[in-house]
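Here is how the chains run, residue by residue.
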Amino acid sequence: MSDREFGGNDDLSLPKATVQKIVTEILHADPGMTFAKDTRDLLIECCVEFITLISSEANEIAEKDAKKTIACEHVKTALEDLDFGEYVPAILEVAADYKKQQANREKKQTKIEQSGMTEEELIRAQEELFRSATDKFNAGPQ
């Protein structure tokens, strides 16, 4: 897979601070170990390349399924097709956790719900606004 397929990946990256935090957490178990900045940058490039490879393959699989959205199943199949099947159980676990979090997340109220008014009150208020706007329009410029 070449950079030309994706228009070059100079503009693709991961947040250095986030990657550094992940590396620091991993290396915390070995206090004498350090991680050079150029090594972190190389790791970021490798991660971007991996993500590009998986997402490209998943996109092709989704297109074959006549889907416009890449689903978890497409990523799973892409990983398996590219011989990264050992990652599938962990990814499915993360996906299940994410779905659970989304289900438990507090639903945002709509503006109608936030108004505290009944549907009938909202309709009356809307009709009054329409009447007022019509009256102003019919009165002409002042």
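Criteria and thresholds
- Residues numbered from 1 in each chain as written.
- Predicted model: local features only at pLDDT ≥ 70, side-chain atom pairs only at ≥ 80, totals over all residues.
- Heavy atoms only, no water.
- UniProt positions renumbered as here; feature names shortened; annotations may be inferred.
- Helix = DSSP H or I, 4+ residues; strand = E, 2+ residues; numbered from the N terminus.
- Buried < 20%, exposed > 50% of the residue type's maximum accessible area, 1.4 Å probe, protein only.

Under an unreviewed UniProt entry, the name given to the chain is NCT transcriptional regulatory complex subunit B, and the organism recorded is Melanomma pulvis-pyrius CBS 109.77. Of the comments in the UniProt record for the chain, the one headed Function (unreviewed entry) reads "Part of the NCT transcriptional regulatory complex that acts as a key regulator of ergosterol biosynthesis and the azole exporter cdr1B. The NCT complex binds the promoters of genes linked to azole susceptibility, and especially represses the expression of cdr1B transporter."

**Structural notes on the UniProt feature "domain: Transcription factor CBF/NF-Y/archaeal histone" (unreviewed entry) in the chain**
Using the residue numbers shown here, the UniProt feature "domain: Transcription factor CBF/NF-Y/archaeal histone" (unreviewed entry) corresponds to residues 13-79. Strand forms 0% of residues 13-79 and helix 72%; the C-alpha atoms that close the span are 21 Å apart.

**Some words on the environment of Ala71**
Considering the arrangement of structural elements, one finds Ala71 in the loop between helix 2 (37-64) and helix 3 (72-81). Judged by relative accessible area, Ala71 falls into the partly exposed class, the value being 35%.

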